[in-house]
Amino acid sequence: MLFCIGSILVFFFLCLIVPRRLTWIEILSTTWFGLYFEAMVNVYLDLKYDLYGYFNKGVDIITLIPLLGIYPLLNYLVLTLYPSGKGFIKIASYLLAWDCFSVLYELVSIQNGIFYYNGWKWWYSALAYPPILLIVWSHLKFVRWVIAKSTESKL
């Protein structure tokens, strides 16, 4: 649990020092989307198929600590630092770096008892993270489009 709380503090500090490039509505909407997306995936992969989980098998209130404490902060960092418009190589490198970080963080979380595998393999995560990051980025682009359209309609 110390690792979990320490992670939240470190990620929160990083969020404070990284220049903010997102509006509050973008932060709010992408955070809620990320939490919803994660919950839908976990309903099947964790609860239905029992491939992995947090702390203990099944629904557990303590799971809310990493879900609400770590995921929104990492979501913010990923989107704030995303190299939008920087070309394929930069974006691919960025996604690969976050992919490596995420898999390593997941493995350390297993060592610290926050997360467990039960049929899941680390390389499944390595394959899953880049599309997940692109889905979250696509949602941010969609939110920006909706904001622009709503602003246009008021003119």
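Conventions we followed
- Residues numbered from 1 in each chain as written.
- Predicted model: local features only at pLDDT ≥ 70, side-chain atom pairs only at ≥ 80, totals over all residues.
- Heavy atoms only, no water.
- Helix = DSSP H or I, 4+ residues; strand = E, 2+ residues; numbered from the N terminus.
- Buried < 20%, exposed > 50% of the residue type's maximum accessible area, 1.4 Å probe, protein only.
- pLDDT = per-residue confidence, 0-100.
- Contact = heavy atoms within 4.5 Å.

**Considering unusual backbone geometry**
Within the chain, Asp-50 stands out as a residue other than glycine whose phi angle is a positive 55°. Tracing the chain through its elements places Asp-50 in the loop between helix H2 (24–48) and strand E1 (52–54). The backbone of Phe-55 shows a phi angle near 55°, a positive value even though the residue is not glycine. Its location among the elements puts Phe-55 in the loop between E1 and helix H3 (64–69). When its relative accessible area of 17% is taken as the criterion, Phe-55 is described as buried.

**Observations concerning the confidence of the model for the protein chain**
Looking at the protein chain as a whole, its pLDDT mean stands at 93, while 98% of the residues score no less than 70. Taken element by element, the protein chain is modelled with least confidence in H3, mean pLDDT 91, and with most confidence in helix H5 (residues 88–111), mean pLDDT 96.

**A few points about the side chain of Asn-42**
Turning to its location among the elements, Asn-42 is positioned in helix H2. Judged by its relative accessible area of 10%, Asn-42 is buried. Sequence-distant contacts of Asn-42, defined by excluding residues within four places in its chain, comprise Leu-47, Tyr-52, Tyr-54 and Leu-67.

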